[in-house]
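For reference, the chains in residue letters:
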Amino acid sequence: MDLFAHVLAGGLVAEGLRRIRWPGRATASKVAVGLGLTGAFFAGALSHLALDRLPHFGFLPHVLVWSSIPHAWLVRPVVGGMLALAFVMHEARTRPWLPAAASLGAIYPDVEKIAHTELGVPWVLFRAHAEVTATYTGGYPPKVLAAFEIAAAIAMAVAYARLARAPVRSRGKTAL
């Protein structure tokens, strides 16, 4: 999957976490906020690993308009990821920290992979992901996989926008 799909999945993870009903009273302590953001980061990273288990093509690097850009292999996903992150942050409106943490977590496995394969960073958290250099296609043709990724990204963007705009019903208990 391309970076924009992972960022959108991170936004969905954040909205899911925001709706968890926590027992007891809410606490705005630095420890609670830190744990919430750390949990969002790692939940976002797990969403990345889950999405990568689906057959995909990662079509964005194959769009020809990018071919003349230096370091296009890196520029293409970063541009797509930044656009998706701008969308997630815009929809988050007044509560951007949880979606930001989950979205950053959702891109972390690829950052780690680049650091490991290109820069030789030896320590990685997700070694199985960092050492995989081939995309899992499941034997499907690239056009089908590209269409699936586009449709999945649109569905995630629509779902995230709807959830981000919907109020959280607390029913007497506190949500993030």
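Described below are features of the structure shown in this document. Everything numeric here is computed off the predicted structure, so don't read it as measured data. Note that residues are indexed from 1 along each chain, following the sequence as it is written. pLDDT decides what is reported in this predicted model: residues at 70 or higher carry local features, side-chain atom pairs at 80 or more are listed and counted, and totals for whole chains, interfaces and linings draw on all residues regardless. The side-chain values count all of the structure's non-hydrogen atoms but skip hydrogen atoms and water molecules.

1. Thoughts on the packing of aromatic side chains
Part 1: The criterion for an aromatic pair is that two Phe, Tyr or Trp rings (for Trp, the six-membered ring) have centres within 6.5 Å, with stacked assigned to planes under 30 degrees apart, edge-to-face to planes over 60 apart and tilted to the rest. Going through the model one piece at a time under the given rule, you end up with four aromatic pairs.
Part 2: Aromatic side chains phenylalanine 41 and phenylalanine 42 sit 5.5 Å apart centroid to centroid with 85 degrees between the ring planes, which places their arrangement in the edge-to-face category.
Part 3: Linked through ring pairs, Phe41, Phe42, Tyr108 and Phe126 together constitute an aromatic cluster.

2. Structural notes on the nonpolar core
Part 1: Nonpolar cores were defined as sets of buried Ala, Val, Leu, Ile, Met, Phe, Trp, Tyr and Cys residues, with membership established by side-chain atoms within 4.5 Å. The cut-offs for exposure are 20% and 50% of the maximum accessible area for each residue type, with area from a 1.4 Å probe on protein chains only; residues under the lower value are buried, those over the upper are exposed, and the others partly exposed. Counting 17 residues, the largest nonpolar core has Phe4 and Leu8 as the members making the most contacts within it.
Part 2: At the level of elements, α1 (3-18), α3 (72-92) and α6 (142-165) are the ones that each hand at least two residues to this core.
Part 3: The biggest single contributor to this core is α1, with six residues.
Part 4: Listed in part, the seven residues of the second largest apolar core include Val13, Ala14, Leu17 and Ala101. Secondary structure is summarised from DSSP: a helix means a run of H or I of at least four residues, a strand means a run of E of at least two, and numbering begins at the N terminus for each.

3. A look at the packing of α1 against α6
To describe two helices that pack against each other, one gives the angle between their axes and the distance between the axes.
Part 1: Orientation is described by axes fitted as lines to C-alpha atoms, over the contacting stretch for helices, and by angles from 0 to 180 degrees between their N-to-C directions. Their axes nearest at 9 Å, the elements α1 and α6 cross at an angle of 30 degrees. Relative to α6, α1 is oriented roughly parallel. Here the hand of the crossing between α1 and α6 comes out left-handed. For the pair α1 and α6, contact is made by Phe4, Ala5, Leu8, Ala9, Gly11, Leu12, Glu15 and Arg18 and by Glu149, Ala153, Met156, Ala157, Ala159, Tyr160, Leu163 and Ala164, respectively.
Part 2: In terms of residue class, the contact of α1 with α6 is made up of twelve nonpolar, one polar and three charged. Angle categories: roughly parallel below 35 degrees, roughly antiparallel above 145, roughly perpendicular from 65 to 115, and oblique for all the rest. Should the near helix be turned counterclockwise from the far one by less than a right angle, the crossing is left-handed, whereas a clockwise turn marks it as right-handed. Any two residues whose heavy atoms approach within 4.5 Å are treated as being in contact. Note on residue categories: nonpolar means Ala, Val, Leu, Ile, Met, Phe, Trp, Tyr, Cys or Pro, charged means Asp, Glu, Lys or Arg, and polar means any other residue, Gly included.

4. Let's talk about the environment of phenylalanine 41
Part 1: By the element assignment, phenylalanine 41 lies in helix α2 (residues 30-52).
Part 2: Here phenylalanine 41 falls in the partly exposed class, since its relative accessible area comes to 25%.
Part 3: For the pair phenylalanine 41 and alanine 101, spaced 60 residues apart in sequence, the C-alpha to C-alpha distance is 4.9 Å.
Part 4: Residues contacting phenylalanine 41, with those up to four places away along its chain left out, are Ala101, Ala102, Leu104, Gly105 and Tyr108.

5. Some points on the side chain of glutamate 112
Part 1: Tracing the sequence through the fold places glutamate 112 in helix α4 (residues 97-119).
Part 2: One buried charged residue, glutamate 112, remains without a salt bridge, the closest side chain of opposite sign being arginine 127 at 8.3 Å.
Part 3: Each polar contact in these results corresponds to two N or O atoms within 3.5 Å; when the atoms are within protein, one needs to be able to donate a hydrogen and the other to accept it, and residues that are neighboring in sequence are counted only if both atoms are side-chain atoms. A distance of 2.5 Å separates the side chain of glutamate 112 from the backbone nitrogen of leucine 125, its partner in a polar contact.
Part 4: Leave out the neighbours within four places in its chain, and glutamate 112 touches Val124, Leu125, Phe126 and Ala130. In this charge count, Lys and Arg are treated as positive and Asp and Glu as negative; neither His nor the chain ends contribute. By salt bridge we mean one thing: a side-chain nitrogen of Lys or Arg within 4 Å of a carboxyl oxygen of Asp or Glu.

6. So, the packing of α1 against α4
Part 1: Put simply, α1 and α4 touch, their axes get as near as 7 Å, and they point 140 degrees apart. With respect to α4, the element α1 is oriented oblique. In terms of crossing hand, the pair formed by α1 and α4 is right-handed. Between α1 and α4, the residues in contact are Leu3, His6, Val7, Gly10, Gly11, Val13, Ala14, Leu17 and Arg18 and Leu98, Pro99, Ala102, Ser103, Ala106, Ile107 and Asp110, respectively.
Part 2: For the contact of α1 with α4, a count of residues per class yields ten nonpolar, four polar and two charged.

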